Amino acid sequence: GNSVTQMEGPVTLSEEAFLTINCTYTATGYPSLFWYVQYPGEGLQLLLKATKADDKGSNKGFEATYRKETTSFHLEKGSVQVSDSAVYFCADHKAAGNKLTFGGGTRVLVKP
Amino acid sequence: NAGVMQNPRHLVRRRGQEARLRCSPMKGHSHVYWYRQLPEEGLKFMVYLQKENIIDESGMPKERFSAEFPKEGPSILRIQQVVRGDSAAYFCASSHTGQPQHFGDGTRLSIL
């Protein structure tokens, strides 16, 4: 079966620092890739997505590029804010089966 | 346009009791998914349903767990004879065909 691996946290940063969270997938074929964000006590919110190789998803200053050659979908933000403190989940989705496979999540803490 | 609604937000049960978790999908969504999140872990797929049909239940424990999505009313995840290991956050998601899944805020189940 497929799996999604992302870097373990917690990641602690100062405001305005550069954030990278690595994510790799092992699904065969051409899955769609997603980043979800979970704020404390809440459900998951879709942050961004990419559906094919070389697509770049972007939202709220976050970006991730679908790299088929390295099976990666790393999340980046150039200047984080305290409000970006949350848990970030990478996920892939294969049309066959129609379910998301999540990485273990990366907790990010941004300090003022 | 209301999002995915889950209730209750918090549920406390004693060992051996039954837990019923409800999920109302977003308006117009016919696909419902249940995921479980154990403490400090990622989300794990449990079951995928469409109206009155279970499409994929490969992530459901073989015993005590069941799910339904009736023609009328919310989807229900039912856990019979709960045990301590059932303590987790249970998330429901819904989608249109071929579209990203939208998540509810989850039900946090605690077993005494």
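The structure we're discussing is the one just above.
Residues numbered from 1 in each chain as written. Chains lettered and ligands numbered in written order. Predicted model: local features only at pLDDT ≥ 70, side-chain atom pairs only at ≥ 80, totals over all residues. Heavy atoms only, no water.

Engineer: Would you take a moment to explain the packing of aromatic side chains for this structure?
Structural biologist: Both the distance between ring centres and the angle between the ring planes are used here to describe each pair of aromatic rings. The full count for this structure, using the stated rule, is 11 aromatic pairs over all chains. On the basis of an interplanar angle of 35° and a centroid distance of 6.1 Å, the ring pair of F34(A) and Y36(A) is categorised as tilted. Exposure remark for Y36(A): the relative accessible area of 1% places this residue in the buried category. Note on Y36(A) and F103(B): the rings are 5.3 Å apart at their centroids and 80° apart in plane angle, and the pair reads as edge-to-face. Remark: F103(B) occurs in strand β10 (residues 102-103) and Y36(A) occurs in strand β5 (residues 32-38); the pair is interchain, linking two chains. Note on accessibility: Y36(A) and F103(B) belong to one class, buried. A cation over an aromatic ring shows up here: K68(A) above the ring of Y30(A), its NZ or CZ 4.3 Å from the ring centre. (Phe/Tyr/Trp six-rings, centres within 6.5 Å; stacked < 30°, edge-to-face > 60°. Buried < 20%, exposed > 50% of the residue type's maximum accessible area, 1.4 Å probe, protein only. Helix = DSSP H or I, 4+ residues; strand = E, 2+ residues; numbered from the N terminus. Lys NZ or Arg CZ within 6 Å of the ring centre and 35° of its normal.)

Engineer: Whenever I open this one, the interface of chain B and chain A confuses me. Can you help?
Structural biologist: One frequent convention defines the size of an interface as the accessible area lost when the parts assemble. Contacts between the two partners involve 20 residues from chain B and, on the opposite side, 19 residues from chain A. Between chain B and chain A the total buried area reaches about 1400 Å² when both faces are included, carbon and sulfur atoms providing 49% of it. Broken down residue by residue, the surface that chain B buries against chain A is led by L43(B), P100(B) and F103(B), which jointly contribute 31%. The interface formed by chain B and chain A includes one salt bridge. Its salt-bridge partner being D56(B), residue K99(A) comes within 3.4 Å of it at the nearest N-O pair. At the junction of chain B with chain A, the criterion picks out seven residue pairs in polar contact (both at pLDDT 80 or more). Mapped by element, the contributors of at least two residues to the side of chain B that touches chain A are β4 (31-37) and β5 (43-50) of chain B. The greatest single-element share of the side of chain B that touches chain A, amounting to four residues, is contributed by β4(B). Among the residues forming the side of chain B that touches chain A, the class breakdown is eight nonpolar, six polar and six charged. (Contact = heavy atoms within 4.5 Å. Buried area = accessible area lost by both parts, 1.4 Å probe. Salt bridge = Lys/Arg side-chain N within 4 Å of Asp/Glu carboxyl O. Polar contact = N/O pair within 3.5 Å; in protein donor to acceptor, adjacent residues only side chain to side chain. Nonpolar A, V, L, I, M, F, W, Y, C, P; charged D, E, K, R; others polar.)

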